[in-house]
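Letter by letter, the chains look like this.
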Amino acid sequence: MAAEKWVHTVTAQTPTNIAVIKYWGKRDEVRILPVNDSISVTLDPDHLCTVTTVAVSPAFDRDRMWLNGKEISLSGSRYQNCLREIRSRGGDVEDKEKGVKIEKKDWERLNLHIASHNNFPTAAGLASSAAGFACLVFSLAKLMNVEEDLSQLSAIARQGSGSACRSLFGGFVKWKMGSKEDGSDSVAVQLADEKHWDDLVIIIAVVSSRQKETSSTSGMRESVETSLLLQHRAKEVVPKRIVQMEEAIKNQDFASFTQLSCTDSNQFHAVCLDTSPPIFYMNDTSHRIISLVEKWNRSEGTPQVAYTFDAGPNAVLIARNRKVAVQLLQGLLYYFPPKSDTDMKSYVVGDNSILKEAGLEGAKSVENLQPPPEMKDKIGSQDQKGEVSYFICTRPGRGPVVLPDQTQALLDPVTGLPK
Ligand code: PMV
């Protein structure tokens, strides 16, 4: 039947996000319902994103998925929950030209092909699951003509990975913990879009690590079971911080934004230490970066840079503006220079036009850098070579978009298999 040969596809791009008030701990492990609200900044998808192509065809014999070119199993409960939820909301789809005619009820029996790709190394510990599940849900919603709004979709993405719900929006996003048992009110909402506070520049130090980290899933479970500090944080601390952080974002109050981000990151890592057995996500390099930023902020009198660390050693540094970001990069490269013969454009990626502004286009220029004036205890710059794998320069960015250009699709429009 020629009419049954069609393949219908959609390709979408979704950003990743970094929490400035952290989510840590679930009250419901299956539905992924958190013990507190959280707030994040969406990162520019030009520098960090997931692209996903989803396809449906009567010719497909089962659901299949490829991640970064390799076929992976969809049998895990998180994938199954997302697929079930989105399928149940599918609408009618018709494309007369291609002979595509799908009715609402057909989504239960039609099989899907999904191909997903991150534009950054998955192993770098950069919240790839957030962008990944958000992109899966967003692209399927478009493919299936789902009418739900982005907040309602965020409640589905949440069931793949908690932090994924915040990647459905650009700019500044809050995940409301909600109170309903079925989780329908545990959704993400946008606080402000990416243009609201566009002075901010974000530099991520991807810190080298030999240690296999505790996954956020098992780490959180152990913290919920054993940390009294987590209980105190969820009940007493975060609710007040959420209100203050919303205010800081609304007023572009960088001093409060920094104070809240830094103390919240530190408290999250304190909860990890308070867990039995304790969990260590930050390492010596992470601690050195914290000292550097703290000393600089103190010497300036007003905060210039905020830091935050997720479940790994990478530092996410948020500079108040471009000028500060240039100085920050110079300081970072003084302490964490690249290994000899490294091309600067592969050591500072993302928006690497900042290299030119910092006068750091050649590796030689790094050797001529002077220590930041406030750092009296001059640690030799050579000592830290290799501690940072590379830096990513980015900014607050937009939410998910459909990519209409077929050349960006990851699945072949005729076979529905990876290109
Ligand atoms: O959604 P998960 O399971 O990847 O957990 C994310 C936890 C943190 O990144 C540490 C904090 C957060 O709010 O994103």
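These figures come from a predicted structure and were not determined experimentally. (Residues numbered from 1 in each chain as written. Predicted model: local features only at pLDDT ≥ 70, side-chain atom pairs only at ≥ 80, totals over all residues. Heavy atoms only, no water.)

## Quick notes on the pairing of strand β15 (residues 305-308)
Piece 1. Burial of β15 is two-sided: the residues Val305 and Tyr307 facing one way and the residues Ala306 and Thr308 facing the other way are all buried.
Piece 2. Strand direction decides the pairing type here: β15 and strand β16 (residues 315-319), joined by four bridges, are antiparallel. Bridged to Val305 within β16 is Ala319.
Piece 3. The hairpin turn running from β15 into β16, its antiparallel successor, is six residues long. (Buried < 20%, exposed > 50% of the residue type's maximum accessible area, 1.4 Å probe, protein only. Helix = DSSP H or I, 4+ residues; strand = E, 2+ residues; numbered from the N terminus. Pairing = 2+ DSSP bridges.)

## A few points about the site of the ligand
Piece 1. Taken together, 14 residues lie around the ligand, and Tyr23, Ser161, Ser163, Arg166 and Ser216 are the ones closest in.
Piece 2. Tyr23 has a polar backbone atom sitting 2.9 Å from an oxygen atom of the ligand.
Piece 3. Contact between the ligand and Ser163: an oxygen atom at 2.8 Å from a side-chain N or O atom of the residue.
Piece 4. A domain-level breakdown of the shell around the ligand finds at least three residues from each of domain 1 (8-193 + 404-408) and domain 2 (201-394). (Near = heavy atom within 4 Å. Polar contact = N/O pair within 3.5 Å; in protein donor to acceptor, adjacent residues only side chain to side chain. Domains from an automatic or database assignment.)

## A word on the state of the cysteines
Piece 1. A complete count under the given rule lists zero disulfides for this structure.
Piece 2. The thiol of Cys82 is unpaired, and the distance to the nearest cysteine sulfur, on Cys165, comes to 11 Å.
Piece 3. A residue is classified by how much of its surface remains accessible, and Cys82, at 2% relative accessible area, is buried.
Piece 4. The thiol sulfur of Cys262 is not disulfide-bonded, and the nearest other cysteine sulfur, from Cys272, lies at 17 Å.
Piece 5. Note on Cys262: relative accessible area 6%, which makes it buried. (Disulfide = S-S within 2.5 Å.)

## Quick look at the pattern of salt bridges
Piece 1. The full count for this structure, using the stated rule, is 24 salt bridges.
Piece 2. In this structure, the salt-bridge partner of Arg233 is Asp264, at a minimum N-O distance of 2.7 Å. Of this pair, Arg233 sits in helix α5 (residues 228-250) while Asp264 is found in helix α6 (residues 254-273), placing the two residues 31 residues apart along the sequence. One exposure class covers both Arg233 and Asp264, and it is buried. (Salt bridge = Lys/Arg side-chain N within 4 Å of Asp/Glu carboxyl O.)

## Things to note about the sheet that holds strand β7 (residues 64-67)
Piece 1. One open sheet accounts for six strands, arranged β8-β7-β11-β6-β1-β19; its pairing is mixed. The outermost strands of the open sheet, each flanked by one partner alone, are β8 (70-72) and β19 (401-402).
Piece 2. Sitting on the sheet, helix α1 (residues 77-87) is in contact with β7, β8 and β11 (111-118), with an inclination near 120° to β11. (Contact = heavy atoms within 4.5 Å. Axes fitted to C-alpha atoms, helices over the stretch in contact; angles between N-to-C directions.)

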